[in-house]
Amino acid sequence: VPVDEADYLAGLVHDVGKIAMASAFPEHFAEIHRRLREGAGDLIAVELEVLGHDHMEVGGLYLKNHKLPDIMVESALHHHAPEHASHHCQIVAAVQIADLLVRHAKIGFSGNSAEVTNEDWLEASGWNILFPQRAEAERALALASLNRSLERLPTILEGLI
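Computed from a predicted structure; not experimentally measured.

## Considering the overall build of the protein chain
Thought 1: A tally of helices and strands in the protein chain yields ten helices and zero strands.
Thought 2: Ordered by position from N to C terminus, the α and β elements of the protein chain give α-α-α-α-α-α-α-α-α-α.
Thought 3: Here the protein chain has a C-alpha radius of gyration of 16 Å; the compact-globule value for 161 residues is 15 Å, and the two agree.
Thought 4: Across its three principal axes, the protein chain shows a C-alpha extent of roughly 45 × 35 × 35 Å.
Thought 5: Of all 161 residues assigned to the protein chain, the portion counted as buried reaches 35%.
Thought 6: Of the roughly 9500 Å² of accessible surface on the protein chain, a fraction of 59% belongs to carbon and sulfur atoms.
Thought 7: Charged side chains of the protein chain number 12 positive and 24 negative; the gap between the two group centres comes to 3 Å.

## So, the packing of helix α2 (residues 16–24) against helix α3 (residues 26–37)
Thought 1: Between α2 and α3, whose axes approach to 5 Å, the crossing angle comes to 120°. What the angle tells us is that α2 and α3 run oblique. Residues Lys-18, Met-21, Ala-22, Ser-23 and Ala-24 of α2 form the contact with α3, whose participating residues are Pro-26, Phe-29 and Ile-32.
Thought 2: When its residues are assigned to classes, the contact of α2 with α3 shows six nonpolar, one polar and one charged.

## Examining the nonpolar core
Thought 1: The biggest cluster of nonpolar side chains holds ten residues, and these are Ala-6, Ala-10, Val-13, Val-16, Leu-63, Ile-71, Met-72, Val-73, Ala-76 and Val-95.
Thought 2: Setting aside residues no more than four positions away along its own chain, Ala-76 makes contact with Val-13, His-14, Met-56, Gly-59, Gly-60 and Leu-63.

## Describing the environment of Leu-130
Thought 1: Mapped onto the elements, Leu-130 comes out in helix α9 (residues 125–130).
Thought 2: Measuring from C-alpha to C-alpha, the distance between Leu-130 and Ala-94 comes to 7.4 Å, with 36 residues separating the pair along the chain.
Thought 3: Here Leu-130 is in contact with Gln-90, Ala-93, Ala-94 and Ile-97, once residues within four sequence places are set aside.

## A few points about the confidence of the model for the protein chain
Thought 1: Summarising the model, the protein chain shows a mean pLDDT of 87, and 97% of its residues fall at 70 or more.
Thought 2: Within the protein chain, helix α5 (residues 55–65) carries the highest mean pLDDT (97), whereas helix α10 (residues 136–160) carries the lowest (78).

## Concerning the packing of aromatic side chains
Thought 1: Here the structure, examined in full by the defined rule, presents one aromatic pair.
Thought 2: Note on Trp-127 and Phe-131: the rings are 5.5 Å apart at their centroids and 25° apart in plane angle, and the pair reads as stacked.

## So, the side chain of His-14
Thought 1: In this fold, His-14 is placed in the loop between α1 (3–13) and α2.
Thought 2: A relative accessible area of 12% means that His-14 is categorised as buried.
Thought 3: Engagement of the side chain of His-14 in a polar contact is seen with the side chain of Asp-15, the distance being 3.3 Å.
Thought 4: Among all residues touching His-14, those that are not within four sequence positions of it are Ser-75, Ala-76, His-79, Val-95 and Asp-99.

## Section: the pattern of salt bridges
Thought 1: Counted according to the given criterion, the structure contains five salt bridges.
Thought 2: Residue Glu-31 is joined to Arg-35 by a salt bridge in which the shortest nitrogen-to-oxygen separation is 2.7 Å. Taken together, the positions of Glu-31 and Arg-35, both in helix α3 and four residues apart, correspond to about one turn of that helix.
Thought 3: Judged by its relative accessible area of 21%, Glu-31 falls in the partly exposed class.
Thought 4: In this structure Arg-35 comes out as partly exposed when scored by relative accessible area, which is 24%.
Thought 5: Taking the shortest distance from any N to any O, the salt bridge between Glu-49 and Arg-35 comes out at 2.5 Å.

Conventions used here
- Residues numbered from 1 in each chain as written.
- Predicted model: local features only at pLDDT ≥ 70, side-chain atom pairs only at ≥ 80, totals over all residues.
- Heavy atoms only, no water.
- Helix = DSSP H or I, 4+ residues; strand = E, 2+ residues; numbered from the N terminus.
- Rg over C-alpha atoms; globule rule 2.2 N^0.38 Å.
- Buried < 20%, exposed > 50% of the residue type's maximum accessible area, 1.4 Å probe, protein only.
- Areas by Shrake-Rupley, 256 points an atom, 1.4 Å probe, with all protein chains shown as cover.
- Lys, Arg positive; Asp, Glu negative; His and termini not counted.
- Charge placed at Lys NZ, Arg CZ, Asp CG, Glu CD.
- Axes fitted to C-alpha atoms, helices over the stretch in contact; angles between N-to-C directions.
- Parallel < 35°, antiparallel > 145°, perpendicular 65-115°, else oblique.
- Contact = heavy atoms within 4.5 Å.
- Nonpolar A, V, L, I, M, F, W, Y, C, P; charged D, E, K, R; others polar.
- Core = buried A, V, L, I, M, F, W, Y, C linked by side-chain atoms within 4.5 Å.
- pLDDT = per-residue confidence, 0-100.
- Phe/Tyr/Trp six-rings, centres within 6.5 Å; stacked < 30°, edge-to-face > 60°.
- Polar contact = N/O pair within 3.5 Å; in protein donor to acceptor, adjacent residues only side chain to side chain.
- Salt bridge = Lys/Arg side-chain N within 4 Å of Asp/Glu carboxyl O.

Here it is in structure tokens:
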């Protein structure tokens, strides 16, 4: 996979574990989402409780078994904790931040209904990987810039359809 496409593809496949889980364990998947609808809490905690594995583990295993590149496997496996990625920390960190921003903007539904605040995505471990020496002024600028982009995103997405 060429480097210039790897980040895009990593973003596309990062939640493939949810699809694999729904396909391989449909009853468990239905139970997970029933519990989430009833307010059971965090997606990952419910997945672990019901299935014994979370969507990251299932996705990483699925992609590895299908011999996809490490960057895809690591994005699926570590997108909630990019600091655990061994080779592709920056791309996995970018996937984490993108995932949080999309959830923050309430674009689509990932199965995780927990609200993502500005503080949540700004305090995510991925920021420290992407910008390890950021000053408070840089942080404020990033917040303002990303919020402007998020406000425009629904219009941009509508134009694509």
